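These are the residues of each chain, in order.
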Amino acid sequence: MEDCIFCKIVKGEIPCTKVYENDDVLAFADINPIRDGHTLIIPKVHAENIWEISGESLTAIHLASRKVAAAMKKALEPEGIAFVQLNGRGVNQIVMHYHLHLVPRPKGAPELPLTGWEMIPGDMEKIKEIADDIAGAVQIA
Ligand code: AMP
Ligand code: ZN
């Protein structure tokens, strides 16, 4: 896609700090890291989000993410690694080319903003009603 910044990175028109690459995916350092080691994995074929990406690209991303996460574990020995993936401007997706964030929490670093939510028990009737709505909309492949 012409105006897509991540497509430009794939084509080499914009530089990136590469971590890993294969035929289908590219992994590179995020330039606004939440924590040291914050890495993005993207498909080489443009797709905007989870609703658009092909099964092949999605599989390739997740297999590559396991490889990169193993490398991060070895190189950085983090407390853990969060995988974050945003779909839609309403949840602050900024770059409209599918990407998976791998965010390690280095030893001694503060807890990640996304992983510390309070556990407040929900209303079971409401939980069931909403789950039923989603279940009813599941498409049989
Ligand atoms: P989001 O779309 O909100 O999931 O996040 C987009 C991410 O892409 C942000 O964390 C940015 O820091 C990152 N980003 C944007 N442009 C670049 C770039 N040229 N190189 C590396 N990371 C980038
Ligand atoms: Zn793109």
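Refer to the structure presented above.
A few points on the structure. Fair warning: this is a prediction, and the values are worked out from it, not measured in the lab. (Residues numbered from 1 in each chain as written. Chains lettered and ligands numbered in written order. Predicted model: local features only at pLDDT ≥ 70, side-chain atom pairs only at ≥ 80, totals over all residues. Heavy atoms only, no water.)

**Examining the coordination of the zinc ion (ligand 2)**
Octahedral metals with six donors have ideal donor angles of 90 or 180 degrees. Tetrahedral metals with four donors have an ideal donor angle of 109.5 degrees.
Now for step 1: All of the protein donors around the zinc ion (ligand 2) are C4 (SG), C7 (SG), H46 (ND1) and H97 (ND1); their distances to the metal are 2.0 to 2.3 Å.
Now for step 2: For the zinc ion (ligand 2), the four donor atoms in the first shell make angles of 104 to 116 degrees at the metal, so the coordination geometry reads as tetrahedral.
Now for step 3: C4 gets classed as buried once you look at its relative accessible area, which sits at 7%.
Now for step 4: Assessed through its relative accessible area of 23%, H46 is described here as partly exposed. (Donors = N, O, S within 2.8 Å, 3.2 Å for Na, K, Ca; no water. Tetrahedral: all angles 85-135°; square planar, octahedral: opposite > 155°, others 65-115°. Buried < 20%, exposed > 50% of the residue type's maximum accessible area, 1.4 Å probe, protein only.)

**Comments concerning the pairing of strand β3 (residues 39-43)**
Two faces, one strand: in a regular strand the side chains alternate between the faces of the sheet.
Now for step 1: Of all five residues in β3, five are buried; the element is thus mostly enclosed.
Now for step 2: Burial along β3 is two-sided: the face carrying T39, I41 and P43 and the face carrying L40 and I42 are both buried.
Now for step 3: As paired strands, strand β2 (residues 25-29) and β3 are joined by five bridges and run antiparallel to one another. In the sheet register, V25 faces β3, and the bridge partner there is P43.
Now for step 4: Bridge count for β3 against strand β5 (residues 100-105) is three bridges, and the pairing is antiparallel. When the bridges of β5 are listed, I41 appears paired with L100. (Helix = DSSP H or I, 4+ residues; strand = E, 2+ residues; numbered from the N terminus. Pairing = 2+ DSSP bridges.)

**Digging into the sheet that holds β3**
Now for step 1: The five strands are arranged β1-β2-β3-β5-β4 in an open sheet whose pairing can be described as antiparallel. The outermost strands of the open sheet, each flanked by one partner alone, are β1 (18-21) and β4 (80-84). Geometrically, the sheet is characterised by an average inter-axis angle of 20 degrees between neighbouring strands, direction not taken into account.
Now for step 2: For β1 and β2, the ladder comprises three bridges, and the chain directions are antiparallel. The residue bridging Y20 from the neighbouring strand is A27, located in β2. (Axes fitted to C-alpha atoms, helices over the stretch in contact; angles between N-to-C directions.)

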